[in-house]
6 protein chains.
Amino acid sequence: MTNTQQSPSNTSNDNLRYERGLARLREIDGEGGVKVVESLADIAPDFARLVIEFPFGDIYSRPGLDLRSREIAVVAALTAMGNAAPQLKVHIQGALNVGVTRTEIVETIMQMAVYAGFPAALNGLTAAREVFARAEVATRATATVTATA
Amino acid sequence: MTNTQQSPSNTSNDNLRYERGLARLREIDGEGGVKVVESLADIAPDFARLVIEFPFGDIYSRPGLDLRSREIAVVAALTAMGNAAPQLKVHIQGALNVGVTRTEIVETIMQMAVYAGFPAALNGLTAAREVFARAEVATRATATVTATA
Amino acid sequence: MTNTQQSPSNTSNDNLRYERGLARLREIDGEGGVKVVESLADIAPDFARLVIEFPFGDIYSRPGLDLRSREIAVVAALTAMGNAAPQLKVHIQGALNVGVTRTEIVETIMQMAVYAGFPAALNGLTAAREVFARAEVATRATATVTATA
Amino acid sequence: MTNTQQSPSNTSNDNLRYERGLARLREIDGEGGVKVVESLADIAPDFARLVIEFPFGDIYSRPGLDLRSREIAVVAALTAMGNAAPQLKVHIQGALNVGVTRTEIVETIMQMAVYAGFPAALNGLTAAREVFARAEVATRATATVTATA
Amino acid sequence: MTNTQQSPSNTSNDNLRYERGLARLREIDGEGGVKVVESLADIAPDFARLVIEFPFGDIYSRPGLDLRSREIAVVAALTAMGNAAPQLKVHIQGALNVGVTRTEIVETIMQMAVYAGFPAALNGLTAAREVFARAEVATRATATVTATA
Amino acid sequence: MTNTQQSPSNTSNDNLRYERGLARLREIDGEGGVKVVESLADIAPDFARLVIEFPFGDIYSRPGLDLRSREIAVVAALTAMGNAAPQLKVHIQGALNVGVTRTEIVETIMQMAVYAGFPAALNGLTAAREVFARAEVATRATATVTATA
């Protein structure tokens with residue numbers, strides 16, 4: 001068993017997946033996503049690498065479904081599951097980052113009332129309110145910097 | 001309490017919601033969706049009406065998110081929840097009906113491996129295989145009819 | 001560790017819980033419930049005993065909530081969870097057995113559309129239809145036997 | 001598609017559902033429920049209206065199941081699902097408001113240990129403790145006001 | 001119905017289950033577990049007794065599966081369910097208490113990414129980080145006491 | 001966007017992960033597991049590759065947790081989630097394949113009654129009974145072949 005128990009090596013082609021995944025992570029989640037991954041460094045550094053390689057390097061890098069649709073799908077799923085608020089917030093921001101409008105995000109969450117119940121939709125809207133408010137603060141901050149520059 | 005316990009009346013404007021909902025249901029789910037609703041007639045006829053009025057008359061009739069995105073959202077959510085196979089199949093067919101491609105459906109389901117685990121994605125693909133196969137049989141049947149006409 | 005690892009003994013007072021639980025199980029689920037428990041004899045006989053002792057001997061035997069309300073609560077919860085169809089059917093029958101009406105069962109399930117989504121409610125109604133149909137066959141069979149006696 | 005994409009109109013009979021729903025919401029959830037709905041005004045005002053119309057105007061206004069049983073059903077379901085703590089608290093208060101006793105609420109939650117596991121029941125009891133404590137503070141405040149009046 | 005509605009008596013053999021369960025609870029969860037149970041005294045004292053009797057007196061006291069495997073199973077299940085963070089933390093500590101290593105706990109949680117999705121695994125790792133940090137503070141405190149003794 | 005939308009290439013190091021994953025899949029799930037993966041060839045061939053690479057090539061190939069514990073963790077999680085019966089059966093067989101005893105599997109599933117409720121445990125035992133029965137038929141078939149050889 002010792003042979004198969006070796007830690008997965010981390011050479012050439014995995015580096016491609018890692019680089020591709022990291023670029024995708026930055027595109028979708030911005031520096032917030034990178035920070036989430038970095039926060040794993042102390043407890044599960046290999047998992048930080050796997051998060052970049054599989055979801056972002058393998059799945060989000062696939063053709064066949066545009067990024068806007070991918071983010072709508074994730075916002076819908078995490079709202080419906082209702083047990084992953086931190087990740088839902090990251091992906092509401094991710095949806096905004098790839099061009100999904102606030103209205104589209106709110107409609108996606110509202111629709112989940114039909115499939116997962118009103119509490120799931122209400123808690124999804126609470127998450128969206130928080131992300132939208134943060135985005136406004138950031139925008140105002142940038143505007144101030146620009147105005148004073 | 002008797003006064004508030006009256007059955008909801010079913011007059012003018014509810015008829016608008018009902019008509020609008022029924023049209024939407026036909027557009028998305030075709031005659032299959034209508035049959036699901038009709039099957040409720042024996043056990044919960046009021047629920048048949050509510051299914052048409054709220055999900056289809058109220059939610060699916062809203063502007064702000066196109067039908068393709070709505071169906072991608074539902075396929076994602078029901079795959080992730082993993083406990084509503086019959087409704088997932090109806091909505092995989094619904095997604096096809098409103099122009100989502102097979103590739104897009106498969107990608108949406110595959111992506112759920114990241115958010116709800118591989119078993120959820122595998123069972124979602126099993127549902128898709130069944131719906132796609134049924135669609136092919138229907139297409140061949142139509143082709144035969146056309147060819148022999 | 002050997003001392004604490006002994007199989008739980010099955011003496012005096014556990015027998016009280018067991019007897020009390022078995023009576024409660026018969027009262028709620030009838031012979032159907034007894035059969036479910038008996039079906040565990042081959043694979044997990046101790047679990048059969050625990051099912052009678054804890055849920056029925058400990059919980060259902062408590063004062064403070066009448067049996068009708070307990071069965072409404074279970075039908076609601078299992079409909080909402082949506083991943084335990086066999087047990088939902090047993091408890092829809094159990095609800096009928098302790099005097100919950102068909103209308104009350106259907107209303108309880110319909111209400112879950114609000115809290116767990118329409119697919120959960122639709123699948124709950126499918127379970128109810130099956131149990132109600134079986135009950136009618138049983139009633140007709142009894143009627144025939146009585147008529148021919 | 002433009003025609004069906006119109007926002008749902010809000011005329012005569014929907015007003016009946018809205019009025020009926022709002023009355024029901026006040027009866028069950030008191031001013032707390034109204035505040036939850038009002039908090040949606042900024043992010044999803046239409047959803048605020050839908051929450052009043054469908055769950056309260058359509059479902060809770062139906063005959064066939066008394067309000068006490070409806071609230072027991074909701075407390076059971078939300079305890080079992082375990083992913084909607086804010087709504088569970090609102091409905092524990094709602095149950096108290098329509099005459100369910102503390103003992104009945106505690107028994108309903110305890111019973112969920114059987115159907116959804118001990119963690120779900122423990123977290124449900126934590127929610128109940130918080131609501132009961134708040135109710136006592138409110139009662140004492142009223143008592144003080146009355147005593148000093 | 002009055003007869004069956006008597007509160008479960010609490011005599012001889014239940015005392016055995018209770019004593020056995022309490023010993024098991026202390027072995028696995030330490031004083032933290034005892035405190036959780038004690039916190040139920042105000043709202044549901046009977047449930048405190050049932051938590052000790054059934055999970056710990058009946059289930060954890062069974063032979064056939066060693067305690068390390070039992071705690072790995074619980075950490076896996078609660079991570080996957082994703083809706084019981086307080087109990088997950090108690091059992092990560094419990095796993096440490098019965099000799100599961102930090103590495104084994106982290107691997108168990110990481111593996112849940114495959115079966116319940118990356119958000120569930122990420123939130124499980126967050127819980128583990130918190131428990132591990134607390135354990136280090138406790139260890140340093142003990143070390144200081146020992147060093148100064 | 002065209003550049004990042006290229007399908008993941010499948011060269012050198014991914015082949016290592018694939019080979020390592022395939023070996024692991026055979027070790028745990030035997031030919032049954034290989035068949036599950038092969039059944040994806042028609043609908044989602046890339047997903048078949050990803051199933052081998054990530055769960056088996058990346059996760060199951062990691063040191064730090066022995067295969068027996070990994071399979072106990074999966075049986076626990078899938079029993080608790082209760083919405084993935086086909087995968088639960090595959091992993092009950094997988095647990096047997098890597099040396100977990102029937103008793104240990106039954107105890108793991110029974111324990112889930114505490115964390116996810118009795119219905120989840122009962123449905124897990126139903127899955128186990130089916131897998132155990134199949135294993136016995138296979139053993140008898142082998143015995144007959146050996147006896148007649």
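Here is what the cut-offs are and how they apply
- All chains use their own residue numbering, which begins from 1 and follows the written sequence.
- Working convention: letters from A go to chains and numbers from 1 go to ligands, in the order in which they are written.
- Reporting of local features is limited, given that this is a predicted model, to residues whose pLDDT is at least 70; pairs of side-chain atoms are given and counted only at 80 or more, and all residues count toward the totals for whole chains, interfaces and linings.
- Neither water nor hydrogens contribute to the side-chain values; these are computed over all heavy atoms in the structure.
- Residues reaching a pLDDT of at least 70 in both copies supply the C-alpha atoms on which the copies are superposed by least squares.
- When checking whether two residues touch, look at their non-hydrogen atoms; a contact exists if any pair is within 4.5 Å.
- The term buried area means the drop in 1.4 Å probe accessible area that two parts suffer when joined, counted for both and summed.
- By convention in these notes, a salt bridge is any Lys or Arg side-chain nitrogen within 4 Å of a carboxyl oxygen on Asp or Glu.
- A 3.5 Å cut-off defines polar contacts: any pair of N or O atoms within that distance qualifies, except that in protein one atom must be a possible hydrogen donor and the other a possible acceptor, and neighbouring residues in sequence count only when both atoms are side-chain atoms.
- Note on conventions: DSSP H or I runs of at least 4 residues are helices, E runs of at least 2 residues are strands, and numbering of each starts at the N terminus.
- Each residue is assigned to one class: nonpolar for Ala, Val, Leu, Ile, Met, Phe, Trp, Tyr, Cys and Pro, charged for Asp, Glu, Lys and Arg, and polar for all the others, Gly among them.
- Of the grid points, spaced at 1 Å and generated over the protein atoms alone, those admitting a 1.4 Å probe that cannot get out make up cavities, while open sets with protein on both sides within 12 Å along at least five of seven lines make up pockets; any residue with an atom within 4 Å of a point is treated as lining.
- Grid points are joined across faces, edges and corners, and a volume is the space filled by probe spheres set on the points.
- What a helix is expected to span follows from its residue count: subtract one and scale by 1.5 Å.
- Working definition: with a 1.4 Å probe on protein chains only, accessible area under 20% of the residue-type maximum means buried, over 50% means exposed, and in between means partly exposed.
- By construction, the arc corresponds to the directions joining the helix axis to the C-beta atoms.
- Convention adopted: a line fitted to C-alpha atoms gives each axis, helices being fitted over their contacting stretch, and angles between N-to-C directions are expressed from 0 to 180 degrees.
- Between 65 and 115 degrees an angle is taken as roughly perpendicular, under 35 as roughly parallel, over 145 as roughly antiparallel, and anywhere else as oblique.
- Put simply, a crossing is left-handed when the front helix is turned counterclockwise from the back one by less than a right angle, and right-handed when it is turned clockwise.
- Here the aromatic set is Phe, Tyr and Trp, taking the six-membered ring for Trp, and pairing holds for ring centres within 6.5 Å; pairs whose planes are under 30 degrees apart are stacked, those over 60 apart are edge-to-face, and all others are tilted.
- In this description, a nonpolar core means a group of buried Ala, Val, Leu, Ile, Met, Phe, Trp, Tyr and Cys residues linked to one another through side-chain atoms lying within 4.5 Å.
- Predictor confidence is given residue by residue as pLDDT, running from a minimum of 0 to a maximum of 100.

### Points about the relation of the copies chain F and chain E
When chain F is fitted onto chain E, the two copies agree to an RMSD of 0.0 Å after a turn of 180° and an axial shift of 0.0 Å. Taken together, these values place the two copies in the relation of a two-fold axis. Interface overlap between copies is the fraction of interface residues in one copy that are interface residues in the other; for chain F against chain E it reaches 100%, indicating a shared surface.

### Brief notes about the interface of chain F and chain E
The interface is formed by 30 residues belonging to chain F together with 30 residues belonging to chain E. Surface buried jointly by chain F and chain E totals about 2,600 Å² across both partners, of which 69% is contributed by carbon and sulfur atoms. Contact with chain E buries area across many residues of chain F, yet F:Glu107, F:Gln111 and F:Tyr115 alone supply 24% of it, more than any other trio. The tally of links from chain F across to chain E stands at four salt bridges. One can count twelve residue pairs in polar contact (both at pLDDT 80 or more) joining chain F with chain E. Of all elements in the fold, only α2 (45–59), α3 (67–81) and α5 (102–116) of chain F reach the threshold of two or more residues within the side of chain F that touches chain E. Taken together, the residues that form the side of chain F that touches chain E break down as 20 nonpolar, six polar and four charged.

### A short note on the environment of B:Ile43
Looking at where B:Ile43 falls in the secondary structure, it is placed in the loop between α1 (12–38) and α2 (45–59). When neighbours within four sequence positions are excluded, B:Ile43 is seen to be in contact with C:Val106, C:Leu125, C:Ala128, C:Arg129 and C:Phe132.

### A few points about the interface of chain B and chain C
Counting residues at the interface gives 15 residues for chain B and 14 residues for chain C. For the pair chain B and chain C, the summed buried area comes to about 1,300 Å², and 73% of that belongs to carbon and sulfur atoms. Contact with chain C buries surface across chain B, with B:Ile43, B:Phe47 and B:Asn83 losing the most and accounting together for 47% of the total. Inspection of the chain B/chain C interface yields one salt bridge. Residue C:Arg129 pairs with B:Asp42 through a salt bridge whose shortest N-O separation is 3.2 Å. There are four residue pairs in polar contact (both at pLDDT 80 or more) connecting chain B and chain C. Listed by contribution, the elements that provide at least two residues to the side of chain B that touches chain C are α2 and α4 (85–97) of chain B. Here the side of chain B that touches chain C gets five residues from one element, more than from any other, and that element is α2(B). When the residues that make up the side of chain B that touches chain C are grouped by side-chain class, the tally is eleven nonpolar, three polar and one charged.

### Details of the layout of surface pockets
Taken as a whole, the second largest pocket spans an internal volume of roughly 840 Å³. What lines the second largest pocket is a set of 44 residues, among which B:Gly82, C:Gly82, C:Asn83, F:Gly82 and F:Asn83 lie closest to the centre.

### Regarding helix α4 (residues 85–97) of chain F
Residues and elements named next belong to chain F. Taking 1.5 Å as the rise per residue, α4 with 13 residues should run 18 Å; its terminal C-alpha atoms sit 18 Å apart, in good agreement. Turning to α4, its buried residues number three or more, namely Gln87, Leu88, His91, Ile92, Gly94 and Ala95. Take α4 and look down its axis: the buried residues cluster within an arc of 160°, on one side only. Just downstream of α4, Gly99 is the residue with a positive phi angle, here 105°.

### With respect to the side chain of A:Arg70
Take A:Arg70: it is sitting in helix α3 (residues 67–81). Of the residues examined, A:Arg70 reaches a relative accessible area of 0% and is grouped as buried. Setting aside residues no more than four positions away along its own chain, A:Arg70 makes contact with A:Ile59, A:Tyr60, A:Arg62, A:Pro63, A:Leu65, B:Glu107 and B:Gln111.

### Side note on the packing of helix α4 (residues 85–97) of chain D against helix α5 (residues 102–116) of chain D
Residue and element names in this part refer to chain D. α5 packs onto α4 with a crossing angle of 140° between their chain directions and a minimal axis gap of 9 Å. Judged by the angle between their axes, α4 and α5 are oblique. Remark: the crossing between α4 and α5 carries right-handed chirality. Contacts between α4 and α5 involve Ile92, Ala95 and Leu96 from the former and Arg102, Ile105 and Ile109 from the latter. In the contact of α4 with α5, the residues fall into five nonpolar, no polar and one charged.

### Observations concerning the relation of the copies chain B and chain C
In screw terms, the move from chain B to chain C is a rotation of 120° and a rise of 0.0 Å along the axis, fitting with an RMSD of 0.0 Å. Those values place the two copies in the arrangement expected of a three-fold rotation axis. Using C-alpha coordinates, one finds that chain B approaches the rotation axis most closely at B:Asn83, a distance of 3.3 Å.

### Remarks on the pattern of salt bridges
Tallied over the entire structure, the rule returns 84 salt bridges over all chains. With its nearest N and O atoms 2.7 Å apart, the salt bridge here joins D:Glu136 to D:Arg102. Of this pair, D:Glu136 sits in helix α6 (residues 118–148) while D:Arg102 sits in helix α5, and the two are 34 residues apart along the sequence. Residue D:Glu136 is classed as partly exposed on the basis of its relative accessible area, which comes to 36%. A salt bridge links F:Asp58 to F:Arg17; its shortest N-O distance comes to 2.8 Å. Here F:Arg17 lies in helix α1 (residues 12–38) and F:Asp58 lies in helix α2, a separation of 41 residues in the sequence. According to the relative accessible area criterion, F:Arg17 is buried, its value standing at 1%. The network of salt bridges with shared partners includes A:Arg17, A:Arg20, A:Arg49, A:Glu53 and A:Asp58.

### Looking at the packing of aromatic side chains
For the structure on display, the rule yields 27 aromatic pairs over all chains. Taken together, a centroid distance of 5.0 Å and an interplanar angle of 15° make the contact between B:Phe56 and B:Tyr60 stacked. When sorted by exposure, B:Phe56 lands in the same class as B:Tyr60, which is buried. Each residue in the set A:Phe47, A:Phe54, B:Phe118, E:Phe118, F:Phe47 and F:Phe54 is aromatic and connected to the rest through ring pairs, giving one cluster.

### Digging into the environment of E:Ile72
Mapped onto the elements, E:Ile72 comes out in helix α3 (residues 67–81). Between the alpha carbons of E:Ile72 and E:Arg49 there is a distance of 25 Å; along the sequence they are 23 residues apart. With residues near it in sequence (within four places) discarded, E:Ile72 still touches E:Val100, E:Thr108, F:Leu65, F:Ser69 and F:Ala73.

### Focus on the packing of helix α2 (residues 45–59) of chain A against helix α5 (residues 102–116) of chain B
The N-to-C vectors of α2(A) and α5(B) enclose an angle of 165°; their axes lie 11 Å apart at closest approach. Put simply, α2(A) runs roughly antiparallel to α5(B). Taken as a pair, α2(A) and α5(B) cross one another with a handedness that is left-handed. Listed contacts from α5(B) to A:Phe54, A:Pro55 and A:Ile59 of α2(A) are B:Met110, B:Gln111 and B:Val114. Looking at the contact of α2(A) with α5(B) residue by residue, the class counts come to five nonpolar, one polar and no charged.

### Describing the nonpolar core
With 312 residues, the main nonpolar core has A:Phe47, B:Phe47, C:Phe47, D:Phe47, E:Phe47 and F:Phe47 as its most contacted residues. For C:Phe47, the contacting residues outside a window of four places in its chain are C:Leu40, F:Met110, F:Ala113, F:Phe118, F:Ala121, F:Leu122 and F:Leu125.

### Here we look at the confidence of the model for chain A
Residues and elements named next belong to chain A. For chain A, the mean per-residue pLDDT works out to 88, and 86% of the residues sit at or above 70. Between residues 1–11, whose pLDDT stays under 50, and residues either more than four places distant or in other chains, the model counts 26 contacts. Predicted complex metrics record ipTM = 0.87 and pTM = 0.90.

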